[in-house]
Amino acid sequence: MRCEHLLKEQPAVALCKGFFFCGQEPFVADEYIERLAWRTPGGGSRGGEAFDPKRLLEEFVNHIQELQVMDERIQRKVEKLEQQCQKEAKEFAKKVQELQKSNQVAFQHFQELDEHISYVATKVCHLGDQLEGVNTPRQRAVEAQKLMKYFNEFLDGELKSDVFTNSEKIKEAADIIQKLHLIAQELPFDRFSEVKSKIASKYHDLECQLIQEFTSAQRRGEISRMREVAAVLLHFKGYSHCVDVYIKQCQEGAFLRNDVFEDAAILCQRVNKQVGEIFSNPETVLAKLIQNIFEVKLQSYVKDQLEEHRKSDAEQYLKNLYDLYTRTTNLSSKLMEFNLGTDKQTFLSKLIKAIFISYLENYIEVEIGYLKSRSAMILQRYYDSKNHQKRSIGTGGIQIHKRTEAKLSIQDLKERLRQRTNLPLGPSIDTHGETFLSQEVVVNLLQETKQAFERCHRLSDPSDLPKNAFRIFSMLVEFLCTEHIDYALETGLAGIPSSDSKNANLYFLDVVHQANTIFHLFDKQFNDHLMPLISSSPKLSECLQKKKDIIEQMEVKLDMGIDRTLNCMIGQMKHILAAEQKKTDFKPEDENNVLIQYTNACVKVCGYVRKQVEKIRNSMDGKNVDTVLMELGVRFHRLIYEHLQQYSYSCMGGMLAICDVAEYRKCAKDFKIALVLQLFDTLHALCNLLVVAPDNLKQVCSGEQLANLDKNILHSFVQLRVDYRSARLARHFS
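Under an unreviewed UniProt entry, the protein has the name Exocyst complex component 5 and belongs to Geospiza fortis. Taken verbatim from the UniProt record of the protein, the Sequence similarities (unreviewed entry) comment is "Belongs to the SEC10 family."

Next comes the structure, spelled out in C-alpha cells:
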C-alpha cells in the first residue's frame, strides 16, 4: 500500500520517499546513498553496464533538488501543525480559567453551607442540653418515687411489687434492694430499725439467691448467665464470695492425677480463657485462683513430700526439695504468660517464698551435713573394700595444718625425715603396689558435689549463693583433695623404698598418673560448675587462691615422690651392675677369644631403663614427661660414668666398654632428650681413650667432642688403661 501511494507522486519524490520510509529500520545516510547509486543506471555494474559517473552525478543533483522540494513541503506542514497546536492550547487555557471560576463559586457555596450546618448543630446541642436539664431531674424524681414506693412496702411489712415476687426479675430486684440498702444506712436506727432490718434481710436473701444462681450456671456451663449474675453481684458485698465459689468449683476434678503441677498449669490455662468472659476484673480473679492453688494445693503437697524425709533421709529430702522447688518455679514461669496485674513477678515470687521459706532458711546446713556424711561414707566404703585402715601419716601438705609441730610423735618425725631424705630411718610402709586412688570414688565424689552445686544454684538466695558455693567447694577439697588424693600421696611417699633396696616395687609413678587424671576432673568441675556461681563475687579470688594452694602442696609431694623414685631406679641399676658386672669383663684373660659384643650387665641395665622410660611416658603428660626423663637420663649417665671408672681396661676390654656405652647410647635415644644423648655421645668418645694408640691420644683429645672437656676428666679415663704405667702414656699426660 505504501509503494502504490508513492507512485502517485512525482517519480523522483516517490523514489525519495521510498528510500526513506520502506522498512522499519532507522534512516542511515550511507545506506541511503548506496541504495540510490545502485538503482541509477550506470551507477554500478548491473547487467554488464559500464559505470557512468556523469549520469550518476546528474541523478544525485536531481535527487537533491527533489529532497529540497520535499523539505519545503514538510516544513510547511510543520508550521501549519504548530499554528494549530498554539490555537488549541489557547482554547484549552481559556476552558481551564472558566473551570477555575466555577470551582471558586462552588467553594464559596460550600463554605456558606458549612457555616449554616455549624449554626444548626449549635442550636441542636443547646436544645439537647436544655432537654437534658429538664429530663434528668424528672428521671431522678421518677426513680426516687419508685424507691419511696418500694420503701413503703418494707415499712408496711408486705412486699407486693412484682419485682420482688417474680423470680425472673431478680436482676431488677437486686438493683432496687442495693439502692435501698445504701439509703437505709443513712437513716437513724432508733426510728427505722425494723425497716432497716427488713431491707438488710432482703439484701442478704437476694445476695444468696444470686450466688446460688451463679453456682448453678457454672455447673451447667452457662457462661452468659454467669456473666450477667456476676455483673449484678459486682455492687454487692458478697461479690468476693461469688469469686470464691467460682474458684472452688473450678478446682473440682482438676487435681485427679499424680502431677499436681501439670494439673495446676492446665487448670490456669483453662480458667484464663474463660474468666475474661465472666468477670469485669479477670486479672484479679485469676490471681486469686493462683494464690489459692499455691497456698492450699501446692503448700500441702510440698509439705507432705518434704516432711516425710526431713529428719530421716537427708538425700531424699534434698532431692525432693530441689525437684519441688524447680517444678514450682517452672509453673511460675508458665503463669507469667497470663495477665495477673501490674507486678506479677513479685506476686508469684511471694507465693513461692511462702511455700518454701521454712525449708530454704536452713537448706545449706542440710546440704553441707549430707555432703560431709556422704563423702565420708564413699571414702570409707572404698578403704573397706581394700581392707585398709587409714593411717595418720598426713603430716605434710594439707594435713600438716591440722596439728601443731609440738604434738608430732617420734615416729611422725622419722617418717617426715624419711620422706624428705634418703636416710634409713626405718622400714617404709608396704602398700603391695596399691595406689589408694580410685577414679570410681572420685567420680562419685564429684557427682555428689555437682548435684550439690546444682541444688545450691537453684535453692540459695542470690545474695548467699557465692558463700554457699564456697562451702560446698570446701567440702570437695576436704574429702577429694585432702582425704583421698593427699592421703594417697602421703601413703605413696611412705611406700617408696630406700634407694639401696633390691627389687623394689616402684609404683609411685602409678600414683602420679592417677592423681594427675583425678586433678584434671577436679579442675573441670571447678570451671564448669563452681565458676558460674562465684564469677561476679569476692569469693572468686578466695576459691582461686585455695585451688592454687592445693595444687602447689600436691606438686611439692609429687616432685618429692618422683625424685625419690628416680633415686630408687638408679639404685636398682646399681644393684644390677654390681651383681652382673665382673672385673674380668674389661680385662679378659684371653684377649683373642672374646666373642660377646656387650656385657650381660649392660643388657639387663638397658632392659630395665627402657621399661622405666615407657612407664614414665605412660604416667606423665605434657612437659612433665621431658622434665622427668631428662632428670633420669642425667642420673643414668652419671651412674654409668662412675661405674666405668671402677675398672681397669685392657685393649679388648676397652673395646667391650665402647660396645657397652654404644648400647647405653642407643638406650638413651629412647629418652628423646638432646642433652641426654649428648652426654652419652661424650661418654662414648671418652671410652675411645681406652683403646686408642698412645701416639694418637693428643689428637683424639683435641677432637670435636673432647676438646672442651676438663683435662683431669680425660686423664682419669686414660689412667684406667692397664698400660698407663708405660713411659709413653705417662709422657703424654705429664
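*Asks:* Help me get a handle on the UniProt feature "coiled-coil region" (unreviewed entry) in the protein, residues and values and all.
*Replies:* Here, UniProt's "coiled-coil region" (unreviewed entry) annotation points to residues 64-102. Secondary structure within residues 64-102 divides into 100% helix and 0% strand; the distance between the first and last C-alpha atoms comes to 57 Å.

*Asks:* Which residues make up a nonpolar patch on the surface, and what values go with them?
*Replies:* A cluster of nonpolar side chains, namely Y119, V120 and V124, defines an oily patch on the protein surface of about 290 Å² accessible area. Assignment of secondary structure puts V124 in helix α4 (residues 53-156). Since its relative accessible area comes to 53%, V124 is described here as exposed.

*Asks:* Can you break down unusual backbone geometry residue by residue, with the values?
*Replies:* Positioned with a positive phi, N387 is a non-glycine residue whose angle comes to about 55°. Looking at the element boundaries, N387 is found in the loop between α14 (363-385) and α15 (410-420). Judged by its relative accessible area of 73%, N387 is exposed.

*Asks:* Talk me through the state of the cysteines; I want residue IDs and the actual numbers.
*Replies:* Each disulfide is one covalent bond, formed between the sulfur atoms of two cysteines. For the coordinates displayed, the defined rule picks out zero disulfides. Of the cysteine sulfurs around C667, a residue in no disulfide, the closest is that of C606, at 4.5 Å. With relative accessibility at 1%, the residue C667 sits in the buried group.

Analysis parameters
- Residues numbered from 1 in each chain as written.
- Predicted model: local features only at pLDDT ≥ 70, side-chain atom pairs only at ≥ 80, totals over all residues.
- Heavy atoms only, no water.
- UniProt positions renumbered as here; feature names shortened; annotations may be inferred.
- Helix = DSSP H or I, 4+ residues; strand = E, 2+ residues; numbered from the N terminus.
- Patch = residues over 30% accessible without salt bridge, like charges linked within 9 Å, V, L, I, M, F, W, Y side chains within 5 Å.
- Areas by Shrake-Rupley, 256 points an atom, 1.4 Å probe, with all protein chains shown as cover.
- Salt bridge = Lys/Arg side-chain N within 4 Å of Asp/Glu carboxyl O.
- Buried < 20%, exposed > 50% of the residue type's maximum accessible area, 1.4 Å probe, protein only.
- Disulfide = S-S within 2.5 Å.

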